[in-house]
Amino acid sequence: MKLFDVYPLFDVTIDHGKGCYVYDEKGQEYLDFYGGHAVISIGHSHPRYLQTMQEQAAKLCFYSNAVKNPLQVKLAEKLGKVSGYDDYQLFLINSGAEANENALKLASFYTGKKKVIAFSHAFHGRTSAAVNVTQNPKIQAPINSTFPVEFFELGDIDGIKASIAKGDVAAVIIEGISGVGGIHIPTTEFMQQLRKVTEENNVVLILDEIQSGYGRSGKFFAHQYTGIRPDIITVAKGIANGYPFAGVLISPKFTPVYGQLGTTFGGNHLGCALACTVLDVIQDEKLVENAAKQGEYLMQQLKSMSIPGLKELRGRGLMIGIEFDYPYKEVRNRLIYDQHVFTGAAGTNVLRILPPLCIGQKECDLFLERFEKSLKG
Ligand SMILES: Cc1ncc(COP(=O)(O)O)c(C=O)c1O
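Remember, predicted model here, so these are calculated numbers, not experimental data.

Rules and cut-offs
Residues numbered from 1 in each chain as written. Predicted model: local features only at pLDDT ≥ 70, side-chain atom pairs only at ≥ 80, totals over all residues. Heavy atoms only, no water. Helix = DSSP H or I, 4+ residues; strand = E, 2+ residues; numbered from the N terminus. Rg over C-alpha atoms; globule rule 2.2 N^0.38 Å. Contact = heavy atoms within 4.5 Å. Areas by Shrake-Rupley, 256 points an atom, 1.4 Å probe, with all protein chains shown as cover. Lys, Arg positive; Asp, Glu negative; His and termini not counted. Charge placed at Lys NZ, Arg CZ, Asp CG, Glu CD. Disulfide = S-S within 2.5 Å. Buried < 20%, exposed > 50% of the residue type's maximum accessible area, 1.4 Å probe, protein only. 1 Å grid on protein atoms, 1.4 Å probe; cavity = no way out; pocket = protein on both sides within 12 Å on 5 of 7 lines; lining within 4 Å. Points joined across faces, edges and corners; volume = space filled by probe spheres on them. Nonpolar A, V, L, I, M, F, W, Y, C, P; charged D, E, K, R; others polar.

It is not clear to me how the overall build of the protein chain should be interpreted in this structure. Could you clarify?
Helices and strands together make up the secondary structure of the protein chain, namely 11 helices and 14 strands. Against the globule reference of 21 Å for 377 residues, the protein chain gives a C-alpha radius of gyration of 20 Å, in line with a compact fold. For the protein chain, the spread of C-alpha atoms along the three principal axes comes to 55 × 55 × 45 Å. Of the contacts made within the protein chain by residues no fewer than 6 positions apart, 72% connect residues no fewer than 24 positions apart. When the accessible surface of the protein chain is split by element, carbon and sulfur atoms take 53% of a total near 17300 Å². On the protein chain, the mean spot of the 38 positive side-chain charges and the mean spot of the 39 negative ones are 2 Å from each other.

In structure tokens form, the structure reads like this:
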């Protein structure tokens, strides 16, 4: 059997990783400023993560959601404390798209409505409802348009107010910082206005923190820079440092109903144990603070560099976009093949910097030096 060939691949085979570095099968070291798409939070092969994996796997990897699972309760308690959402409820699933799928379903159950407001450059995943609120016709199949969606530009509060005034909107879904869309940060003023208009009209505000959450922005959630509290927050990526796992944080105003949501694998024992260890490491190693500190350093250094064709530098913490006025392709290829640095990308012109949250100044300097070389060709 052949693989279903949907991914354009770099000609690199990653064999193992350690901290902020990954290695190919010949032992060549790469600096990982991509984190496997913002997934690696505490670093590759963290010893505490490996220990938890071994211990929990030896005990129990999985049993169904039909029985009590104290690890889920432990994770919910820890996540509530670390994130500042102690009074919220947690529903566990396996991927980011599934988190948004369930968030949108909950909003629709709660309001009895089905229209959703989303944003032009946002990405929320590829399952049916998640892709319907992602404005990219290339990844939407005809069966995905099952409910009405209105897209607005970030900041267009007047348009949103007019739409909500019609009375048929169930939810607004917005990323803490847009990732795939190229690192766009909603302003504090806009977020506060959005919270106000949704609250006043009983519209559910869903914050997709799948990429921008779990410390990446320098706060636990990116929206915490704006002082608002959404009704639902979705998390995935960094939650279990590479083990497929995700969550929906749900405000106390939602009353759970038996059977309304469900999953076979979500909240499995191994995933919960790993997610607890990830939170312990994030706290013990002060990784949120580190993301803020290293992000600030990187940003300052990038600002002081002369970057030919630079259009804009955007970002917070370790979620940085470098937008060129030309396609990044050659620069990114040189970074990977000549300088051995992985970076992310968005569209054709934005390089996305998404390293593990445990990078130090040494790794930042190494990145800056190699980035400068890759710009020269
Ligand atoms: C903001 C955001 N939401 C949702 C998703 C979808 O997550 P997953 O690929 O785990 O389904 C992504 C993935 O890149 C994302 O960046």
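Additional details are given in the paragraphs that follow.
It is not clear to me how the state of the cysteines should be interpreted in this structure. Could you clarify?
Cysteine pairs can be linked by a disulfide, which is a covalent bond between their two sulfur atoms. Within the structure shown, the criterion is met by zero disulfides. Looking at Cys-61, it has no disulfide partner, and the nearest cysteine sulfur is the one in Cys-272, 12 Å off. For Cys-61, a relative accessible area of 35% translates into the label partly exposed. Distance from the sulfur of Cys-364, which forms no disulfide, to the nearest cysteine sulfur (Cys-20) is 8.9 Å.

Sorry, what's going on with the layout of surface pockets here?
A water-sized probe rolled over the atoms picks out the places where empty space is left. Computed from the structure, the largest pocket encloses a volume of approximately 1600 Å³. In this structure, the largest pocket is lined by 43 residues; those nearest its centre are Tyr-7, Tyr-34, His-37, Arg-126 and Arg-352. Every element with two or more residues in the lining of the largest pocket is listed here: α1 (35-38), α4 (96-111), α10 (329-337) and β13 (341-346). Considering every element that reaches the lining of the largest pocket, the biggest residue donor is β13, with four residues. When the residues that make up the lining of the largest pocket are grouped by side-chain class, the tally is 18 nonpolar, 19 polar and six charged. Among the elements of the structure, α3 (70-83) and β4 (89-93) are those that each provide at least two residues to the lining of the second largest pocket. In terms of residue count, the dominant contributor to the lining of the second largest pocket is β4 (four residues). Partitioning the lining of the second largest pocket into residue classes produces 13 nonpolar, 11 polar and one charged.

In short, the description is geometric, and any link to function would need to be established separately.
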